[in-house]
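# Examination of the molecular architecture
If you want the building blocks of each chain, they are given just below.
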Amino acid sequence: MAERVNQHKNPIVGRNIKRLRKEHNMKSIDVIARLQLKGLNVNVGTFSKVENGYNNPSVDLLIALTDILDCDFNAFFEKRDYDENTGEQK
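Residues numbered from 1 in each chain as written. Predicted model: local features only at pLDDT ≥ 70, side-chain atom pairs only at ≥ 80, totals over all residues. Heavy atoms only, no water.

Assigned secondary structure in the protein consists of four helices and zero strands. In sequence order, the protein lays out its α and β elements as α-α-α-α. The proportion of buried residues among the 90 residues of the protein is 39%. In the structure as shown, the protein presents an accessible area of about 5900 Å², 46% of it carried by carbon and sulfur atoms. (Helix = DSSP H or I, 4+ residues; strand = E, 2+ residues; numbered from the N terminus. Buried < 20%, exposed > 50% of the residue type's maximum accessible area, 1.4 Å probe, protein only. Areas by Shrake-Rupley, 256 points an atom, 1.4 Å probe, with all protein chains shown as cover.)

What follows deals with the environment of Ala-33. Examined against the element boundaries, Ala-33 turns out to sit in helix H2 (residues 28-37). Taking relative accessible area as the criterion, Ala-33 reaches 35% and is therefore assigned partly exposed. Taking C-alpha positions, Ala-33 is 9.6 Å from Val-44, a pair spaced eleven residues apart along the chain.

In this section: the environment of Asp-70. Tracing the backbone through its elements, the reader meets Asp-70 in the segment after helix H4 (59-68). The exposure class of Asp-70 is exposed, given its relative accessible area of 66%. Beyond its immediate stretch of four places on either side in the chain, Asp-70 contacts His-24 and Leu-65. (Contact = heavy atoms within 4.5 Å.)

Turning our attention to the nonpolar core. Counting 21 residues, the largest nonpolar core has Ile-17, Leu-35, Phe-47, Leu-65, Leu-69 and Phe-76 as its most contacted members. Setting aside residues up to four positions removed in sequence, Ile-17 forms contacts with Phe-47, Val-50, Glu-51, Leu-62, Leu-65, Leu-69 and Phe-76. (Core = buried A, V, L, I, M, F, W, Y, C linked by side-chain atoms within 4.5 Å.)

This paragraph deals with the pattern of salt bridges. Counted by the stated rule, this structure contains four salt bridges. Residue Lys-38 pairs with Asp-67 through a salt bridge whose shortest N-O separation is 2.6 Å. In this pair, Lys-38 sits in the loop between H2 and helix H3 (44-51) while Asp-67 sits in helix H4, placing the two residues 29 residues apart along the sequence. Since its relative accessible area comes to 47%, Asp-67 is described here as partly exposed. A single network of salt bridges, built from pairs that share partners, joins Arg-19, Glu-23 and Glu-78. (Salt bridge = Lys/Arg side-chain N within 4 Å of Asp/Glu carboxyl O.)

Turning to the confidence of the model for the protein, a few remarks are in order. Overall, the predicted model of the protein reaches an average pLDDT of 87, with 81% of residues at or above 70. Across the protein, element-level confidence peaks in H2 with a mean pLDDT of 98 and bottoms out in helix H1 (residues 12-23) with 94. (pLDDT = per-residue confidence, 0-100.)

What follows concerns H2. Turning to H2, its buried residues are Val-31, Ile-32 and Leu-35. Down the axis of H2, the smallest arc covering the buried residues is 100 degrees, so these residues share one side. Residues of H2 that are buried in the fold lie against H1, H3 and H4. Positive backbone phi, approximately 90 degrees, marks Gly-39, located one or two places after H2. (Arc of directions from axis to C-beta.)

Written out as structure tokens, the structure is:
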């Protein structure tokens, strides 16, 4: 079983994945395709749930995302101000 990062109480990881993806001008489907090429079994629904804090990302997913999003692990845990209603960065 893959180790996972629990974000149910604080979806900071998913928010940062979404922020980094948008900063790289990538669509979710582009990231998903690259994850699949790296051998990860990820679909649109699962990735959306990770970005929105409903699913916990596996360590393998985070490792692959550091390469795809050209960042280090710290980028997933950065604290930023987010709008409580929209989840978007203030």
